[in-house]
Amino acid sequence: HHLREAWGEERVPILVLTADASRETRYRALSSGANDYLNKPIDRLEVLLRVRQLLETRHLDKQLREANRHLEARVGARSKELE
């Protein structure tokens, strides 16, 4: 997913906006790492709803990553205690 390589660990939502409505272009964008895809002309409400959904998903992903880091630290600490 070469769109994602530039961001490294950070999972920034990627929304592709294009006038090319072909299936091939949509598949190429999504397989390259885009989270969502919109065709021009845009519907303002649809853009807002999709962006809101992408941001909510990113927020939940960040919460999950933080919870995982916290759990790993607790497991590591407990493992040292048991040794």
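See above for the structure.
Nothing here was measured: the structure is a model prediction, and the numbers come from that model.

Visitor: Is there a simple way to explain the overall build of the chain in this structure?
Guide: Counting its secondary structure elements, the chain contains three helices and two strands. The order of α-helices and β-strands along the chain, N terminus first, is α-β-α-β-α. For the chain, the residues scored as buried account for 16% of the 83 residues in total. The long-range share in the chain, meaning contacts at least 24 apart out of those at least 6 apart in sequence, stands at 35%. Counting only carbon and sulfur atoms, one obtains 54% of the accessible surface of the chain, whose full area is about 6900 Å².

Visitor: Would you mind going over the pairing of strand β2 (residues 36–39) with me for this structure?
Guide: Remember that side chains alternate between the two faces of the sheet whenever the strand is regular. Bridging between strand β1 (residues 15–18) and β2 involves four bridges; their strand directions are parallel. Note that in β2 the partner of L17 across the bridge is L38. A crossover connection joins β1 to the parallel β2 through helix α2 (residues 23–31); in handedness this β-α-β unit is right-handed.

Visitor: Any chance you could explain the pattern of salt bridges here in plain terms?
Guide: Tallied over the entire structure, the rule returns six salt bridges. Its salt-bridge partner being R50, residue E46 comes within 2.7 Å of it at the nearest N-O pair. With a gap of four residues between them, E46 and R50 both fall in helix α3 (residues 44–82), about one helical turn apart. With a relative accessible area of 32%, E46 lands in the partly exposed category. Its salt-bridge partner being R69, residue E66 comes within 3.4 Å of it at the nearest N-O pair. A residue pair is termed a helical-turn pair when its members lie 3 or 4 positions apart in one helix, as E66 and R69 do in helix α3 at three residues. Note on E66: relative accessible area 44%, which makes it partly exposed. Overlapping salt bridges bring together D36, E46 and R50 as one network.

Visitor: Where do I start with α3 in this structure?
Guide: Working note: α-helix, 3.6 residues per turn, so residues spaced by three or four point in the same direction. With 39 residues, α3 extends 57 Å between its outermost C-alpha atoms, agreeing within 8% with the 57 Å of an ideal straight helix rising 1.5 Å per residue. Its side-chain oxygen at 3.0 Å from the backbone nitrogen of L45, D43 defines the N-terminal cap of α3.

Visitor: I tried to follow the environment of G33 on my own but got confused; where do I start?
Guide: One can find G33 in the loop between α2 and β2. Residues G33 and V16 lie 17 residues apart in sequence; the distance between their C-alpha atoms is 10.0 Å.

Visitor: What should I look at first to understand the side chain of S32 in this one?
Guide: Relative to the assigned elements, S32 resides in the loop between α2 and β2. A distance of 2.8 Å separates the side chain of S32 from the backbone oxygen of R28, its partner in a polar contact.

Quick notes on the rules
Residues numbered from 1 in each chain as written. Predicted model: local features only at pLDDT ≥ 70, side-chain atom pairs only at ≥ 80, totals over all residues. Heavy atoms only, no water. Helix = DSSP H or I, 4+ residues; strand = E, 2+ residues; numbered from the N terminus. Buried < 20%, exposed > 50% of the residue type's maximum accessible area, 1.4 Å probe, protein only. Contact = heavy atoms within 4.5 Å. Areas by Shrake-Rupley, 256 points an atom, 1.4 Å probe, with all protein chains shown as cover. Pairing = 2+ DSSP bridges. Right-handed = clockwise from strand over helix to strand, strands pointing away. Salt bridge = Lys/Arg side-chain N within 4 Å of Asp/Glu carboxyl O. Expected span 1.5 Å × (residues − 1). Polar contact = N/O pair within 3.5 Å; in protein donor to acceptor, adjacent residues only side chain to side chain.

These results come straight from atomic positions and should not be treated as a statement about function.
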